[in-house]
Structure formats: structure tokens, C-alpha cells
Amino acid sequence: MKIRQVLDALEQFAPLPLQEDFDNAGLQVGLTEAEVSGALLCLDITPDIIREAVSLNCNLIVSHHPLIFHPLKRVVGADDVQQCVMEAIRRGITIVSMHTNMDNAVGGVNYKIAEKMGLTQVELLQPRTVGDILCGSGVVGTLSKPMAAADFISLLKRQFGVQCVMANQLLQRPLAKVALCGGAGDFLLPDAIAAGADAFVTGEMHYHQYFGHDQQIQICVIGHYQSEQFTSEIFRDIIQRECPGVTCHIAQTPTNPIIYL
């Protein structure tokens, strides 16, 4: 199985035209005609991730966040990005990133988050069509049974390994309908309210957006890394289904740069 076949399978699930204008998803580093010795699946690319790939004999890394987001004017090892590019080339490792195209794809990142919450009747929160492909930002779904706000926050902490949830005033009515967006999804708060959601879950939110929504909607912010940490499971499922025989490893190297004291 060639790397190109794996890349094609990923891009068939989440075509590159689905990515946002600011993004740089797709092939980042390396060649695609080599046979796959193994695929390491991760959220972020760091020097430690490169080392993990080498230790597992993986010549393909699939990440959610692109390694090369801003154009590189030189590659001299001056920072982590340049070091990763140099080491990947030296080791013959190809790097592919599926970012906002995977965020926007039906069945993508936000659907995985909804799955971890146990939501049903999941649909796109801000749907649109690119070409003839349905896609969009965020999703909204229904809890299996209504629950108190405090119990819902406990669910988030348990399912996402979150040490604390940033929230506004606890809602005094049961929560049933939940809108969500992985990563920096605070731009969708108005859409969540318009959809009649009882709660909105995302990874990041600006301070001033918490104001004015007490007893209107339960805001729950769980952290960027925490919200998207299960994206590697999507990569694994696609590759195992479409490219049988390719060995997949979900990275064990922690890449969250934020610590909680």
C-alpha cells in the first residue's frame, strides 16, 4: 500500500476544498509513492512525535493540526516547525494534515465529539455546500436523556479527561439539546442559541462572550486539545476501512502545550 493511497482515502472522506481559506491542510512534507511502513496518528506535530514515528517504524504521520501553517522562508532548524521538517525529510517520513476539512466534513471531528457525549440525532449546526458536498461548522444533537447542568459538566470532565470546565452560571433547567464545535468554536455561539440548544460546548471562548447568556444557554469550554483529542480515531477508522493492512498507531506522546496547576 502506497502513501498516496492512504492520502487519497483521507481526502475522499474530507476533501481539501472543504477547508477554510486560512488553512493549509493536505500534504505537508515528503513523497507519496513510497510504500507505507506504518502510520502514526496525532493531533499536533512536534519533535517528540517525529521521534515516536521513528521508534515505531512509521514513515507516515497523519495530524489534525498542520505542521506548516504559515509559509516558511527558510528551513535552518530555528524552531520546532523547521526542526520537524528537517528531521522528517532526513528520516523519509511523509506528513499529512487533515484540519478544517476534517472539522467541516460530515462524520468528522465534531461528530466524533458528539459520539463521545452520547448525542443522538446529530446534524450540522451551520450547514453549507461546497460543490455538491454537504459540510459545515459545528453540530447539534440530543442527549439520550435530559440532565442537570452539573451532571452534564461531570460527563464532559469524565469523557474528555478535563480537569476543569470553564462555564457560565449553571442553567436551572434540564439540558437536552447540545451544540458543539471542537477547537476555537466560539463564533458559533449565536448559531447554538438560534438552534434552541440548552448547552454549547467548545474548546476555546473569548472572555466577553460569556456575558449576557445566564439562564439562556449553558456555555462549557473544555480546552482546545481536549475537545479534539479523539480525531486520531477518525483517521484510524478511515485507514483501516479503506487501506486494510496498513498498521496504524495512535500517538502516545502528549502534545498539549498547556499545563494545569
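As the structure is a prediction and not an experimental result, all values here were calculated from the model.

1. Brief notes about the pairing of strand β2 (residues 39–42)
Item 1. The alternating pattern of β2 places Ala39 and Leu41 and Leu40 and Cys42 on opposite faces, both of which are buried.
Item 2. Note that β2 and strand β3 (residues 60–63) share 4 bridges and pair parallel. Bridge assignment links alanine 39 to a residue of β3, and that residue is leucine 60.
Item 3. Viewed along the sheet, the connection from β2 through helix α2 (residues 47–55) into β3 turns out right-handed.
Item 4. When β2 meets strand β11 (residues 248–250), the two strands line up parallel, connected through 3 bridges. Across the sheet, alanine 39 pairs through a bridge with cysteine 248, a residue of β11.

2. Details of the sheet that holds β3
Item 1. Read across the open sheet, the 5 strands follow the order β1-β4-β3-β2-β11; overall the sheet is mixed. Either end of the sheet is taken by a strand with one partner, and the two such strands are β1 (26–29) and β11. Ignoring strand direction, the axes of neighbouring strands in this sheet form an average angle of 25°.
Item 2. Here 3 bridges tie β1 to strand β4 (residues 94–97), and the two strands are oriented antiparallel to one another. Bridge pairing links glycine 26 to serine 97 in β4.
Item 3. Across the sheet, α2 lies against β2, β3, β4 and β11, angled at about 150° from β2, the strand it touches most.

3. Remarks on the pairing of strand β10 (residues 218–221)
Item 1. Neither face of β10 is open: one carries Gln218 and Cys220, the other Ile219 and Val221, and all of them are buried.
Item 2. Both strand β7 (residues 166–167) and β10 contribute to a ladder of 2 bridges, which runs antiparallel. Bridge pairing links methionine 166 to valine 221 in β10.
Item 3. Pairing geometry for strand β9 (residues 199–202) and β10, over 4 bridges, is parallel. Within the sheet, the bridge partner assigned to alanine 199 lies in β10 and is glutamine 218.

4. A few points about the side chain of aspartate 23
Item 1. Within the fold, aspartate 23 resides in the loop between α1 (3–13) and β1.
Item 2. No salt bridge is formed by the buried aspartate 23. Its closest oppositely charged neighbour is arginine 128, at 9.7 Å.
Item 3. Polar side-chain contacts of aspartate 23 include one of 2.9 Å to the side chain of histidine 99.
Item 4. Here the side chain of aspartate 23 touches threonine 100 through a polar contact of 2.5 Å, side chain to side chain.
Item 5. Filtering out sequence-adjacent residues up to four positions away, aspartate 23 remains in contact with Pro66, Phe69, His99, Thr100 and Asn101.

Calculation notes
Residues numbered from 1 in each chain as written. Predicted model: local features only at pLDDT ≥ 70, side-chain atom pairs only at ≥ 80, totals over all residues. Heavy atoms only, no water. Buried < 20%, exposed > 50% of the residue type's maximum accessible area, 1.4 Å probe, protein only. Helix = DSSP H or I, 4+ residues; strand = E, 2+ residues; numbered from the N terminus. Pairing = 2+ DSSP bridges. Right-handed = clockwise from strand over helix to strand, strands pointing away. Axes fitted to C-alpha atoms, helices over the stretch in contact; angles between N-to-C directions. Contact = heavy atoms within 4.5 Å. Lys, Arg positive; Asp, Glu negative; His and termini not counted. Salt bridge = Lys/Arg side-chain N within 4 Å of Asp/Glu carboxyl O. Polar contact = N/O pair within 3.5 Å; in protein donor to acceptor, adjacent residues only side chain to side chain.

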